[in-house]
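Observations on the model geometry
Okay, here's what each chain looks like letter by letter:
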2 protein chains.
Amino acid sequence: MQAANIRIVLIHTSHSGNIGAVARAMKNMCLSELYLVQPRQFPSEEATARASGADDVLQKAVVCESLDQALQGCRVIYGSSARLRTIRWPQVDPRQAAEQMAAESENGSVAILFGREHSGLTNDELERCHYLLNIPANSDYSSLNIAAACQVVAYELMMASQLEPVASDIGEVIELATADEVEGLHQHLQETLIRLEYLNPQQPKQLMRRLRRLYHKAHLEKIEVNILRGILTATQKWIDKCSGDKKSVN
Amino acid sequence: MQAANIRIVLIHTSHSGNIGAVARAMKNMCLSELYLVQPRQFPSEEATARASGADDVLQKAVVCESLDQALQGCRVIYGSSARLRTIRWPQVDPRQAAEQMAAESENGSVAILFGREHSGLTNDELERCHYLLNIPANSDYSSLNIAAACQVVAYELMMASQLEPVASDIGEVIELATADEVEGLHQHLQETLIRLEYLNPQQPKQLMRRLRRLYHKAHLEKIEVNILRGILTATQKWIDKCSGDKKSVN
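Moving on to the interface of chain A and chain B. When the parts of a complex come together, some accessible area is lost, and that lost area is often taken as the interface size. Taken together, the contact between chain A and chain B spans 70 residues of the former and 66 residues of the latter. Carbon and sulfur atoms make up 62% of the area that chain A and chain B hide from each other, which totals about 6,000 Å². Put simply, the parts of the chain that give the side of chain A that touches chain B at least two residues each are helix H1 (16-28), helix H2 (45-51), helix H5 (94-104), helix H7 (146-161), helix H8 (179-195), helix H9 (205-217) and helix H10 (222-249) of chain A. Sorting elements by how many residues they give to the side of chain A that touches chain B places H10(A) first, with 17 residues. Along the lines of polarity and charge, the residues of the side of chain A that touches chain B split into 35 nonpolar, 16 polar and 19 charged.

Moving on to the packing of aromatic side chains. On inspection of all chains with the given rule, the structure shows three aromatic pairs over all chains. Ring centres of A:Tyr215 and B:Tyr215 lie 6.1 Å apart, and the angle between their planes is 55°; this geometry places the pair in the tilted category. Here A:Tyr215 is found in helix H9, whereas its partner B:Tyr215 is found in helix H9 (residues 205-217) on a different chain. In terms of burial, A:Tyr215 and B:Tyr215 fall into one category: buried. One Lys or Arg, B:Lys27, reaches over the ring of A:Tyr141 and ends 4.8 Å from the middle of that ring.

Here the focus is the sheet that holds strand S4 (residues 74-80) of chain B. All names here are of chain B. The strand order across the open sheet formed by seven strands is S3-S2-S1-S6-S4-S7-S5, and the pairing between neighbours is parallel. Whereas interior strands pair on both sides, the edge strands pair on one side only; in this sheet they are strand S3 (62-64) and strand S5 (91-92). In this structure, strand S1 (residues 6-11) lies alongside strand S2 (residues 33-37), joined through five bridges in parallel fashion. Across the sheet, the residue bridging to Ile-8 is Leu-34, located in S2. Sitting on the sheet, helix H1 (residues 16-28) is in contact with S1 and S2, with an inclination near 160° to S2.

Caution is warranted with low-pLDDT regions, since their predicted coordinates should not be read in detail. Residues and elements named next belong to chain A. Residues at a pLDDT of 70 or more form 92% of chain A, whose mean pLDDT is 90. pLDDT under 50 marks residues 164-171. Its contacts with residues more than four places away, or in other chains, come to zero contacts. Across the interface, the model reports ipTM at 0.80; the global pTM reads 0.81.

Attention shifts here to the sheet that holds strand S2 (residues 33-37) of chain A. Residues and elements named next belong to chain A. Pairing is parallel across the open sheet formed by seven strands, whose spatial order is S3-S2-S1-S6-S4-S7-S5. The open sheet has two edge strands with one neighbour each: strand S3 (62-64) and strand S5 (91-92). Of the pairings in the sheet, the one linking strand S4 (residues 74-80) to strand S7 (residues 131-133) comprises three bridges and is parallel in character. Bridged to Ser-80 within S7 is Leu-133. Those strands touched by H7 are strand S1 (6-11), S4, strand S6 (109-114) and S7, and its axis lies near 150° from that of S6.

All names here are of chain A. One pass over the full model with this rule turns up 28 salt bridges over all chains. Here Arg-128 and Glu-183 are joined by a salt bridge, their closest N and O atoms 3.0 Å apart. Placement of the pair is Arg-128 in the loop between helix H6 (123-127) and S7 and Glu-183 in helix H8, with a sequence separation of 55 residues. Residue class for Arg-128 comes out buried when judged on its relative accessible area of 11%. Each of Asp-68, Arg-128, Glu-183 and Arg-212 takes part in salt bridges that share partners, so that together they form one network.

Parameters at a glance
- Residues numbered from 1 in each chain as written.
- Chains lettered and ligands numbered in written order.
- Predicted model: local features only at pLDDT ≥ 70, side-chain atom pairs only at ≥ 80, totals over all residues.
- Heavy atoms only, no water.
- Contact = heavy atoms within 4.5 Å.
- Buried area = accessible area lost by both parts, 1.4 Å probe.
- Helix = DSSP H or I, 4+ residues; strand = E, 2+ residues; numbered from the N terminus.
- Nonpolar A, V, L, I, M, F, W, Y, C, P; charged D, E, K, R; others polar.
- Phe/Tyr/Trp six-rings, centres within 6.5 Å; stacked < 30°, edge-to-face > 60°.
- Buried < 20%, exposed > 50% of the residue type's maximum accessible area, 1.4 Å probe, protein only.
- Lys NZ or Arg CZ within 6 Å of the ring centre and 35° of its normal.
- Pairing = 2+ DSSP bridges.
- Axes fitted to C-alpha atoms, helices over the stretch in contact; angles between N-to-C directions.
- pLDDT = per-residue confidence, 0-100.
- Salt bridge = Lys/Arg side-chain N within 4 Å of Asp/Glu carboxyl O.

Here it is in structure tokens:
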């Protein structure tokens, strides 16, 4: 496991004490990469107090204006969520997630998103994730404090790092696409589907969400993103041509 | 597992916020039996705030004058400790402890002790324990916040209680596509790519093989095959339209 390749991303955290508690939980479990997307207040005394000696993690925390910025370069993204969603999404528990992350971190960056204290991750944020990370909990009281949730995940990573690494080497180096490359694909796809008049630009959500989920499941490689975008470009060229021809007819 | 037979015992807790955070962690993981040995302050507003809805656990918490009182009736006792002791003591990690506790709780009461924030358990207290419960951690920074430590142990108890993995069913039945449906998709895709002039019909193998592998990885569902074929049909309609327009021009 490469702990330096595992990012903890906190989104819109309201209570700065939680940021400190997360930093402590991370350092306890040998993690150090903390990204904060628009925290209400940071740095803060409360965060430093609750970090209780994990000041180094706070000091190197990266404050970001957007989730895109926090995810730059990440190849696999997990979204921590207590709620079951109406749309099914690939779901893992912390143990499964940690095993996957420990292996994946050998190849590149992985991110785990923790949402707002009171409302968690939005559907848009969740859709950026390959997996919904669900911590088994009391069905009547399932929402953990974010530092507690982070502690559980970090603990499982610590446990996973102590296992004998499973060699899954088949000799071929697979270069997974980064989150921003995949995002570029989805933008390109949406634009093309609108031009094809297959997607209603007023109601893009449901269809695009299904397509995101489909391509997340495939863990796209760079070369695959290139192929898919090549097809989209070819499709748009036809539409351009056709529009052009029509103009020449009219 | 009998959760009612599992006691969380906090000894001489200084920060009442931690008592609230422990109550929340317990309730999240279906535990309810909280014993407090000489807490500095309890009840307290800070505890209630951090309990964040786990008020019932706080309300029924038993405040004790001595450890003896808190352990009355318990048959197996675990002491949470970050420090390695000079005296060798049977030691378990949270996973091992949880498996043992889940089984033992069927027969009688079990207790887990958490010591003072700054100094943990005394040697006298540790000697009351059958096992030292050690959470694997950063050797340079091994002391977890007590609520975080309690969360990890409670989480492992939750995992142990779910030996039969609970299906994460949220009502949607997944209908995977059959092999012939996937084959139909690939035929449709190949035909479309040739018409788009993206695929050389003399040399289709390499590209089509990559696309097959991509969609295999996704384990396509029926509805996903339908969406992808819908896009291909829309694409072919544009090509038809364009070809038609061209014909009318020529």
